[in-house]
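Coordinate inspection notes
What follows is each chain in one-letter form.
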Amino acid sequence: MHPEEKDIYKFVIIVAAVLSIIIAYFIISIIRQQRRTLKLNQEKIQAEISTMENERRRIASDLHDELGPLLSAVKLQISSLDTQDEQDRALIAKSGNHIDEIIRKLRDISNNLMPNTLIRKGLIAAIDEFIEGINQLQTQHLKISFEHQINQAIPKEKEIHLYRIIQEIIHNTLKHASASSLQIKLKTADNKLILFTEDNGIGFDYATRRRDNSGLGLYNLGSRAEIMGGELDITTEPAKGMRCLFEIPL
Amino acid sequence: MDIQFALSLGVLLPAGLALFKLKNIDNQYYWFVAFLWTGLLFELANRFFIWRFGNNTIPWNVYNILEFLILMQMFRIWNIGEKFRKWFGWFMAGSFVLWMGELLFIGSIHRFNSYFAIYYCFMVVIAAVTALNQLIVTEKRNMLRNPKFIISIGLLIFFTFRIFVESILMPILRISPEFNQRIFGIQIYINLLVNLIYLIAVICIPKKRTFTNL
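Note that the structure is predicted; figures quoted are calculated from it, not measured. (Residues numbered from 1 in each chain as written. Chains lettered and ligands numbered in written order. Predicted model: local features only at pLDDT ≥ 70, side-chain atom pairs only at ≥ 80, totals over all residues. Heavy atoms only, no water.)

1. A closer look at the sheet that holds strand β4 (residues 231-236) of chain A
By way of backbone hydrogen bonds, the strands of a sheet pair with one another, either parallel or antiparallel. All names here are of chain A. Taken in spatial order, the five strands line up as β1-β2-β3-β5-β4 in an open sheet, and their pairing is mixed. Single-partner strands in this sheet number two, and they are β1 (143-149) and β4. Averaged over all pairs of adjacent strands, the angle between strand axes in this sheet comes to 10 degrees, irrespective of strand direction. Most of the contacts of helix α4 (residues 123-137) go to β1, to which it runs at about 170 degrees, and overall it touches β1 and β2 (181-189). Here helix α5 (residues 156-177) sits on the sheet in contact with β1, β2, β3 (192-199) and β5 (242-249), set at roughly 10 degrees to β3. (Pairing = 2+ DSSP bridges. Helix = DSSP H or I, 4+ residues; strand = E, 2+ residues; numbered from the N terminus. Axes fitted to C-alpha atoms, helices over the stretch in contact; angles between N-to-C directions. Contact = heavy atoms within 4.5 Å.)

As structure tokens, this is what we get:
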């Protein structure tokens, strides 16, 4: 090697060392930035969902505990009216029926906002009840099957998220999937809760949907999985249905 | 077997493990496995050409375009950008014309064609940085266990240094063979480090999801 080349070689080594430091700094800053973004994002989602659930609980309780009894009292008062006029009697009976209908609707709304069964009897009973309700109401012929094998207690705060996830998946399947079958399987294994759903509907291009940010439902599913510290895998293709796999630590 | 050749075969570790795991890995990583195996075959072809013909310019020039195609295809599958996906065909065609142009008009198959090498290393670095930027936003888990992150870091390190090395080794800079050898020595150690990073990436590649009944 020429003497000049020796000097150049030294210079090259110095430049390589500087380059290594720059790359190392870049990698470390990327990792730190991702951790910071992740933490902030999780806190934001947690706050948003907690606010939403608290608001739902408050509205459900107001409807159920305040408006419900008030309407029952109104119905009682109307029923106690004594009149001989046939037209008035018919009007009172009709108003009574309307009030019954309003009370029933209020109960449904309240139940949708925060299901009583979930609070009193737990997740499995609430999902069973929800599916039963859907089966009675739906005009499409979607067959929903629900299997479960729960050997460990599920924390209450996770139950509400899981209930919302299943609610969202059923609604999405009814609204968009054109499916005739939806399977929901829930089990606990190795300190994890596994929720698997599969429909035989029209599916979609997952990458396009994510890229276009057009799937608010999908975003909600991901957010709920995220705040439970879990993972969500969605497998779907046009004409090939959709599979969701949630793995939630218990 | 000389030490340089032994170190350059470091790619055998990630390539072997990737082949072992091939049936169980997500198809997003198939192109990465192809990249590792092409690298290994290139090292062997290099050795053969040097032994048989005294230089390795032919496998080197062919490998450059092949490696570029494989890596870009991998980034396309990873969906690193809408525009990249949209213009992929044109981009690859343009790059192929560049490779061919340098081969026919500036250099030859019997020379190390540095311009294309620098260009494609630069493109790989840009693609790796784009993939990393996307991962910062989309990845919800620990990045240090994400194979895409680890692969992108490996590519970023290797190709940044390679741009540096290729720039120094350009034929227009008339340097002695000894100096050339010393500069190339830097790249061998970088190569070893990056092969270890690829090994970690292969270990971190998750198994295909299996959906079991209750």
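2. Digging into the pairing of β2 of chain A
Residues and elements named next belong to chain A. Taken together, the seven bridges between β1 and β2 define a ladder with parallel strand orientation. Residue F146 lies in a different strand from β2, and its bridge partner there is I184. A crossover connection joins β1 to the parallel β2 through α5; in handedness this β-α-β unit is left-handed. Pairing of β2 with β3 involves eight bridges; the strand directions are antiparallel. Across the sheet, L182 pairs through a bridge with D199, a residue of β3. The antiparallel hairpin formed by β2 and β3 contains two residues in its connecting segment, where D190 sits at a positive phi of about 50 degrees. (Right-handed = clockwise from strand over helix to strand, strands pointing away.)

3. A short note on the pattern of salt bridges
All names here are of chain A. Evaluated as defined, the whole model comprises 15 salt bridges over all chains. Among the salt bridges present, the one from K75 reaches D100, with a minimum N-O distance of 3.1 Å. In this pair, K75 sits in helix α1 (residues 3-79) while D100 sits in helix α2 (residues 86-113), placing the two residues 25 residues apart along the sequence. A cluster of three or more residues bridged by salt bridges with shared partners is formed by E53, R56, R164 and R224. (Salt bridge = Lys/Arg side-chain N within 4 Å of Asp/Glu carboxyl O.)

4. Brief notes about the side chain of N172 of chain A
All names here are of chain A. Inspection of the secondary structure puts N172 in helix α5. Relative accessible area serves as the criterion here: at 18%, N172 is assigned to the buried category. Ignoring sequence-local partners within four residues, the contact set of N172 consists of A177 and G217. (Buried < 20%, exposed > 50% of the residue type's maximum accessible area, 1.4 Å probe, protein only.)

5. Brief notes about the interface of chain A and chain B
Contact residues are listed per partner, giving 38 residues for chain A and 33 residues for chain B. A combined buried area of about 3,300 Å² lies between chain A and chain B, and 68% of that area is made up of carbon and sulfur atoms. Where chain A meets chain B, there are zero salt bridges. The tally of links between chain A and chain B comes to one residue pair in polar contact (both at pLDDT 80 or more). Counting residues per element, the side of chain A that touches chain B draws most heavily on α1 of chain A, at 19 residues. Considering only residue class, the side of chain A that touches chain B consists of 18 nonpolar, eight polar and 12 charged. (Buried area = accessible area lost by both parts, 1.4 Å probe. Polar contact = N/O pair within 3.5 Å; in protein donor to acceptor, adjacent residues only side chain to side chain. Nonpolar A, V, L, I, M, F, W, Y, C, P; charged D, E, K, R; others polar.)

6. Thoughts on the nonpolar core
Core analysis: the biggest nonpolar cluster contains 77 residues, and F75, F149 and L155 of chain B have the highest contact counts within it. Contributing elements (two or more residues each) for this core: α1 of chain A together with α2 (12-21), α3 (30-53), α4 (57-77), α6 (88-106), α7 (114-138), α8 (147-168) and α9 (177-204) of chain B. Here the element with the most residues in this core is α8 of chain B; it accounts for 14 residues. (Core = buried A, V, L, I, M, F, W, Y, C linked by side-chain atoms within 4.5 Å.)

7. Structural notes on the packing of aromatic side chains
Given two aromatic rings, their pairing is described by the distance between the two centres and the angle made by the two planes. For the structure shown, the criterion picks out 23 aromatic pairs over all chains. Ring geometry for F68 of chain B versus F116 of chain B: centroids 5.9 Å apart, planes at 90 degrees, classification edge-to-face. Here the residue F68 of chain B occupies a position in helix α4, and F116 of chain B occupies one in helix α7, the gap between them amounting to 48 residues. Per residue, the accessibility class of F68 of chain B equals that of F116 of chain B, and both read buried. Three or more aromatic residues link up through ring pairs in this structure, and these residues are F68, F84, F88, F91, F116, Y119, Y120, F158 and F159 of chain B. Between R76 of chain B and the ring centre of F88 of chain B, over which it is positioned, the NZ or CZ distance is 5.3 Å. Here the basic side chain of R182 of chain B rests over the ring of Y9 of chain A, its NZ or CZ set 5.2 Å away from the ring centre. (Phe/Tyr/Trp six-rings, centres within 6.5 Å; stacked < 30°, edge-to-face > 60°. Lys NZ or Arg CZ within 6 Å of the ring centre and 35° of its normal.)

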